[in-house]
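Chain by chain, the residues run as shown.
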Amino acid sequence: KVLQNKNNLKLDIKKFKYGLNKLNLNKKRKEILDFGCGFGDFLDQAKKKHWKVNGTELNKFCLKVLKKKRINILNVDDLKRNEKLFDAITMWTVLEHLAEPDKILKLLIKKLRKNGKFLFNFPNINSLSAKILHEKCSMFSGEQHINFFSPKTITKYLNNLGLKVIFLETIISDLGTVQNYLNYDHPYLGNFRKSELKFLSPDFIHKNLLGYTILCIAKKK
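Residues numbered from 1 in each chain as written. Predicted model: local features only at pLDDT ≥ 70, side-chain atom pairs only at ≥ 80, totals over all residues. Heavy atoms only, no water.

Draft legend 1. The overall build of the protein chain, seen in detail. A tally of helices and strands in the protein chain yields nine helices and seven strands. Taken along its principal axes, the extent of the C-alpha atoms in the protein chain is 55 × 35 × 35 Å. Taken across its 221 residues, the protein chain has 47% of its residues classed as buried. Long-range pairs, those at least 24 residues apart, make up 70% of the contacts in the protein chain with a sequence separation of at least 6. Of the roughly 12900 Å² that the protein chain leaves accessible, carbon and sulfur atoms contribute 53%. When the 43 basic and 20 acidic side-chain charges of the protein chain are each reduced to a single mean position, those positions are 7 Å apart. (Helix = DSSP H or I, 4+ residues; strand = E, 2+ residues; numbered from the N terminus. Buried < 20%, exposed > 50% of the residue type's maximum accessible area, 1.4 Å probe, protein only. Contact = heavy atoms within 4.5 Å. Areas by Shrake-Rupley, 256 points an atom, 1.4 Å probe, with all protein chains shown as cover. Lys, Arg positive; Asp, Glu negative; His and termini not counted. Charge placed at Lys NZ, Arg CZ, Asp CG, Glu CD.)

Written out as structure tokens, the structure reads:
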């Protein structure tokens, strides 16, 4: 239901278009796998950019929507059995939910073509929001996020798995949440008011890799 919220979808589409541009694969024929593709909103954008699209998804409600969209769905067993390779693989806010990320990533890395790219988007444990809000920060809600990475630790983690990070930045400043909290208001339900701390700006936050989520692109070594 959160994914289908109009405001959330509007933000996601902007994020998905940006990610596709950053992948920057100019091949005429290119194929992508979105692992944990939800309702296929990212793949809808990829199709518009002439990608051949595939998804992996477990949620039954999402699968019904994906079937109507005629998006090719592969499960983990399918990926293990067939020899299909991809020019790019994406994980949009999925990595932080996986109980055994090493096993999944090792499998997916094998499915990347030579010079293929892997795009990740996930919460930044080193974000300004996490540093200031602590347990009140939504990434620590407890029922869903079980892995946490910073720019430094994701780079080391992916390197150990055989991927080299070629692009990394933070997106979504979460500045409104932080400033609500600093103004003694509810961080997520409060009325946004500008803070007297003038240094708090999206430019400052992203320049110092303090945004709420990390966008990271890596290539096979």
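Draft legend 2. Region of the structure containing the layout of surface pockets. Taken as a whole, the largest pocket encloses approximately 1600 Å³ of empty space. Within the residue set of the lining of the largest pocket, elements represented by two or more residues are helix H1 (6-23), strand E1 (31-35), helix H2 (41-48), strand E5 (112-123) and helix H8 (175-182). Here the lining of the largest pocket gets five residues from one element, more than from any other, and that element is H1. Taken together, the residues that form the lining of the largest pocket break down as 22 nonpolar, 18 polar and eight charged. (1 Å grid on protein atoms, 1.4 Å probe; cavity = no way out; pocket = protein on both sides within 12 Å on 5 of 7 lines; lining within 4 Å. Points joined across faces, edges and corners; volume = space filled by probe spheres on them. Nonpolar A, V, L, I, M, F, W, Y, C, P; charged D, E, K, R; others polar.)

Draft legend 3. Focus on the packing of aromatic side chains. If you walk through the whole model with that rule in mind, you get eight aromatic pairs. Ring geometry for Phe42 versus Trp92: centroids 5.4 Å apart, planes at 50°, classification tilted. Note that Phe42 is positioned in helix H2 and Trp92 in strand E4 (residues 86-92), a separation of 50 residues in sequence. The interplanar angle of 5° and the centroid separation of 4.3 Å between the aromatic rings of Phe118 and Phe120 together place this pair among those described as stacked. On the basis of relative accessibility, which here comes to 0%, the residue Phe118 falls in the buried class. Residue classification places Phe120 among the buried residues on the basis of a relative accessible area of 0%. Three or more aromatic residues link up through ring pairs in this structure, and these residues are Phe16, Phe42 and Trp92. (Phe/Tyr/Trp six-rings, centres within 6.5 Å; stacked < 30°, edge-to-face > 60°.)

Draft legend 4. Structural view of the sheet that holds strand E7 (residues 213-220). Strand order in the open sheet formed by seven strands is E3-E2-E1-E4-E5-E7-E6, with mixed pairing between adjacent strands. The open sheet has two free edges, formed respectively by strand E3 (72-73) and strand E6 (163-171), since each of these has just one partner strand. Of the pairings in the sheet, the one linking E5 to E7 comprises seven bridges and is antiparallel in character. Opposite Phe122, over in E7, you have Ile214 as the bridge partner. (Pairing = 2+ DSSP bridges.)

Draft legend 5. Layout of the pairing of E4. Of all seven residues that make up E4, seven are buried, and the element is covered over most of its length. Here E1 runs beside E4; their pairing, made up of three bridges, is parallel. Pairing of Ile32 across the sheet is with Ala88, part of E4. Taken together, the six bridges between E4 and E5 define a ladder with parallel strand orientation. Across the sheet, residue Trp92 finds its bridge partner in E5, namely Asn121. As a crossover connection, the stretch from E4 through helix H5 (residues 101-110) into E5 is right-handed. (Right-handed = clockwise from strand over helix to strand, strands pointing away.)

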